[in-house]
Amino acid sequence: RSSIRPSKLLTVWRWKRRVEASLCPATVFHCRAFCSTPSEPGAQLSLNLYYPIDIHKRKLFLWFSHLPQEEKQFGGYFSPETMHVDPLILERNPEERLGLLSPCLQTQNSSFPSVTVEQLFEPTDAWSEDRGINVLLYGAVGTGKSTVIRKLVLDWCTGTTLANFKLLVPFSCEDLNQLSKMASLRDLVSRKYLHLKKHPLLSGEGSQAKDVLFLFNGMEKIQLDFRIGSTELCSDPNEALLPGVVVVNLLRKYLLPEASILVTTRLSALDRIPQKYISRYAQICGFTDPDRQRAYFTSRLLQQSGKTAHNQEAQALIELLYLSLQRESQLAAACFLPSYCWLTCATLHFLHFTSINAPIRTLTGIYTSFLRLNFGGEVLGTGAGTNVPIQGHHSSLMLYVVRTVGKLAFDGVTYKRTSFSERELEQWIGGKTKTDEELRQLAMFRTDVLDFFLAPCVGNDKYLSQDLSENDERRYVFAVPAMQEYLAALYMVLGENKSALEKLTRQVSMAIGQATEDVNALMNILSKFIPLRIFAIFNLLKLFPKLFEKISSRNKGSIARTMAAEMFRTEDSYNEDVLDQVEQSLLGVHGPQPKQYSEGQPFELYPIFMGGLLHYGNRVLLQQLGCSIQSSTVAQITLALRKYLVRELSKPQPPEELMDLLVLLYEFQNPRLTAEVLASIRAIRLTNIRMTPIKCFVLSTVLSCTPPSYHLEELDLSSCLLTHDMLQMLWPAFRHTHNLNLQFNSLGPESCILLRDLLLDSKILIRSLQLCDNPLLDSGAHTLLESLPKNQSLTHLSLMHTGLGDKGALELAERLQQHTGLQELNVAYNNIGDNAALTLVDACREHPSIHTVHLYLNPLSDVGKKSLYVRGVLWGHGGSGRHVKVLASVTEGSDISEDWHPILSVIRENASSWDHERIKQQLKVFLTDLEWGRQQQQSFWKRLHFRKVEKGVKQTLQMLEKDTPSKRYHK
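All values reported here derive from a predicted model rather than from experimental measurement.

## Some details on the overall build of the protein
Next up, step 1: Regarding its fold elements, the protein presents 38 helices and 19 strands.
Next up, step 2: Out of the 971 residues belonging to the protein, those deemed buried represent 54%.
Next up, step 3: Within the protein, residue pairs in contact and separated by at least 24 positions form 78% of the contacts whose partners lie at least 6 positions apart.
Next up, step 4: Accessible surface for the protein amounts to roughly 44100 Å². Of this, 53% is attributable to carbon and sulfur atoms.

If you want it as structure tokens, here you go:
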């Protein structure tokens, strides 16, 4: 879909000006004649452009083009035109509407025709010109009703749909329900659209209203009473009535009968309007086929910043999503609701396209925003058939969700279950309802909301078999697995898991505390006249709230203890890190299954969501949903959490658990807590963690919370699949480390520019830099070595297996004299020949501090190795030079090298990623050297030592020939 340009919109308004000119009253024409003459075409055009309907279209277009705040987290690349995909809309027969409450997934083979909103207003055989068409468009939560309405209004503004209506007047039933004063129809219109005040199309004269379409969105949010005794009849658009009465008379066709009406509502409110007042019923069924879902994902994920690399990655994600949808996975069952398609895209955008320039987003924030989009401002009414106003008995719908579905989710997390039977749903959701009002609320909740969170289980879940009952009854799961953990965390943080006694104690405490404050001043006066014994009893009452505060603080401590315990569960220690688990839940696992050490379903997002919910931004959104988390509660949990986290971090943690801890601190967004927890960490080892943009951003953000004086002894990012772009995101993290390990990544020559700048920064004190197994080449080494003259902190530099040749080695030898602090240099397993190696060793001998040079696995001749040994060990001519340990082989002349074991250990550890043929060739050279050296020995014990080293080399050679991992050889 092409985007709508302002020039196009202006052209449409100018074209429609002629059609609307005949509807203007005489006064308008007199005004135009007075203000402009035929000799002033510019003034006439300007006046025509701002006709009331033209102004109305322009303002509607601006209003409905506004995107919610939740959409801006994608970086501002979206617009309503580029991201819209039409959901499936089916026309229903009025007689069958009561049986239409089944899930929309069953409509794929339906005989009902698919229609558009515009087709619903096409004339039928039963249509008459003096009566407009009333259309009721309904659907479940999340099927896309509001999105369809937004796109409908925008298309009408540009003249691409509903062109037979000259005026479209949208109303929000939620807004109308807030009005307590009586007002006429024209007053209601002018209150919202001042430019339409006294417009002739709304006068009720003649049949002008046939060109008007009223749109009432969210009819379930307004109380309508169609009984004649309760709602008076009115045909005058100027008569003041209650808003609900005006809407009823419009639907009755008693007020402006020629006007057409479009009403949207939820499933539970279908019977709010009697059938005789509805011309056509239509149901929004969402995205019932993978092609619509794929179109939605494409419109979202491909709308990036225009970078080719991003679009290629987005295209790959779309293909993986489409494969998952075609397998009829649980994701496909969830994504029939466009809302869950939005959640999927938002999560993938967070995981793959996080940018350092974009606003900070968290996974908890995405889920909280998702619920606010769907349930913001929603209340749980009493249902149809009651005379009680909706606002009279209302409660937060989201809070009701937490107390029912959240309770079910919490029970599942506690007992490691992801599926639930119908009997369990009946037990947890509404099992204790007693009053008629509670039963009506429960009926509305089950009809409108329950299917939004829970869906029938499809496919074969590897954790489901243990939950199946003997009768193999139908089971239900959360539409998105992470939603179960989010709702369980929200249930826990809100304190809904308290016992009835704890809740009663809190209420009594609050009541006594309030009463104490009210009469405290009075008692201070009367204390002079009241006996001391009686006054002491009153003081005891004042102690009760303080006692409750202590009990409450212990309860908050239990929440923190639960978070820490769930974070560091032993059985989950070696699972995939939590962000990889989230991605796998959406895209599936392609290739070998990841190792899963825990028997049941891991719920590692649960404690992370608990921490994220305590962040101020999420608490503000939850407050809008009617779920309040007090600041005092957050302070108590935070205080206790710091103690438990520091205690757990005193034990060694695997890289996956350490990554999960960093994600928890990031989700918490509490710089002070983060700094206090990290103060107990001196090394972050993330070896073999598959780093992604979001993980790099998390690491940098968390370390940025520490003071400038904080430094890690080691930051190990070896084998993390790092790229040049990720290095740029990690710059803030590098500022806080002394020993940086970047081995076994995909860093090329372009990355050396950033590494050079890193070493040149005087505020960054990196002592050890390990770049083994990165294709830096001579060009990259040239860039990196430019930092040596001005860097004074580097003591250990590893360029092993970086593609370094003679040229790079000679330049390194030349640059060494410009850096006085280097102590150890590793250039093993490169393409350095004899002459370049000798020159490098000579430079190291002249260096004031270098004591070790690694040169093994280079194409060195036997003569070259002996020369290197002689150059390194013996003093130079005239007594100049220093002793430098040169590691070129497992032998040194006719003796065994003291460092033969470290050399073989390095080969064993890295053999899986190195060229096997070249390594085997070098090992055979080692065997030849050992055999020659053994023959030179006279001592039996020395020959035995040679045999031992030969055995180690042969074991390494056998390991390479079998191409299987082997246990590390121990000396």
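Text resumes after the structure shown.
## Let's talk about the packing of aromatic side chains
Next up, step 1: Taken as a whole and judged by the stated rule, the model has 21 aromatic pairs.
Next up, step 2: Relative to phenylalanine 297, the ring of tyrosine 296 has its centre 6.4 Å away and its plane inclined at 80°; by these criteria the two rings are edge-to-face.
Next up, step 3: We classify phenylalanine 297 as buried; its relative accessible area is 1%.
Next up, step 4: A ring pair is formed by phenylalanine 370 and phenylalanine 452, whose centres lie 5.7 Å apart and whose planes are at 15°; its orientation type is stacked.

## Concerning a nonpolar patch on the surface
Next up, step 1: A contiguous nonpolar patch, built from Ile228, Leu233 and Tyr254 and spanning about 300 Å² of accessible area, is present on the exposed surface.
Next up, step 2: Of note, leucine 233 is situated in the loop between β4 (212-217) and α9 (243-251).

## Notes on the sheet that holds strand β6 (residues 280-286)
Next up, step 1: Taken together, 6 strands build an open sheet; the order of strands is β1-β6-β2-β5-β4-β3 and the sheet is mixed. Unpaired on one side and paired on the other, β1 (88-92) and β3 (167-172) mark the two borders of the sheet. Adjacent strand axes in the sheet meet at a mean angle of 20° when their direction is disregarded.
Next up, step 2: Examined bridge by bridge, strand β2 (residues 134-138) and β6 share 4 bridges and lie parallel to one another. Within β6, the residue paired with leucine 136 across the bridge is tyrosine 281.

## Brief notes about the pairing of β2
Next up, step 1: The element β2 is largely enclosed, with a buried count of 5 among its 5 residues.
Next up, step 2: Alternating residues of β2 divide into Asn134, Leu136 and Tyr138 and Val135 and Leu137, and every residue in both groups is buried.
Next up, step 3: Pairing of β2 with strand β5 (residues 260-265), which is carried by 5 bridges, proceeds in the parallel orientation. Bridging from a neighbouring strand, asparagine 134 pairs with isoleucine 261 of β5.

## Looking at the pairing of β4
Next up, step 1: With 5 of 6 residues buried, β4 lies mostly within the body of the structure.
Next up, step 2: Here β3 pairs with β4 via 6 bridges, running parallel. What sits directly across from proline 170, in β4, is leucine 215.
Next up, step 3: Relative to β5, β4 is paired through 4 bridges, and the arrangement is parallel. In the sheet register, phenylalanine 214 faces β5, and the bridge partner there is isoleucine 261.
Next up, step 4: Handedness of the crossover joining β4 and β5 through α9 is recorded here as right-handed.

## Considering the pattern of salt bridges
Next up, step 1: With the rule as written, the count across this model stands at 26 salt bridges.
Next up, step 2: Where arginine 690 meets glutamate 583, a salt bridge forms, and the shortest distance between an N and an O atom there is 2.9 Å. One end of the pair, arginine 690, is in the loop between β10 (683-685) and α28 (693-703); the other, glutamate 583, is in helix α22 (residues 578-587), and 107 residues separate them in sequence.
Next up, step 3: Residue classification places arginine 690 among the partly exposed positions, given a relative accessible area of 30%.

## Describing the side chain of glutamate 220
Next up, step 1: Along the chain, the position of glutamate 220 falls in the loop between β4 and α9.
Next up, step 2: Taking relative accessible area as the criterion, glutamate 220 reaches 13% and is therefore assigned buried.
Next up, step 3: One polar contact links glutamate 220 to threonine 265, side chain to side chain, over a distance of 3.2 Å.

Parameters and conventions
Residues numbered from 1 in each chain as written. Predicted model: local features only at pLDDT ≥ 70, side-chain atom pairs only at ≥ 80, totals over all residues. Heavy atoms only, no water. Helix = DSSP H or I, 4+ residues; strand = E, 2+ residues; numbered from the N terminus. Buried < 20%, exposed > 50% of the residue type's maximum accessible area, 1.4 Å probe, protein only. Contact = heavy atoms within 4.5 Å. Areas by Shrake-Rupley, 256 points an atom, 1.4 Å probe, with all protein chains shown as cover. Phe/Tyr/Trp six-rings, centres within 6.5 Å; stacked < 30°, edge-to-face > 60°. Patch = residues over 30% accessible without salt bridge, like charges linked within 9 Å, V, L, I, M, F, W, Y side chains within 5 Å. Salt bridge = Lys/Arg side-chain N within 4 Å of Asp/Glu carboxyl O. Pairing = 2+ DSSP bridges. Axes fitted to C-alpha atoms, helices over the stretch in contact; angles between N-to-C directions. Right-handed = clockwise from strand over helix to strand, strands pointing away. Polar contact = N/O pair within 3.5 Å; in protein donor to acceptor, adjacent residues only side chain to side chain.

Purely spatial values, then, with no claim about function.
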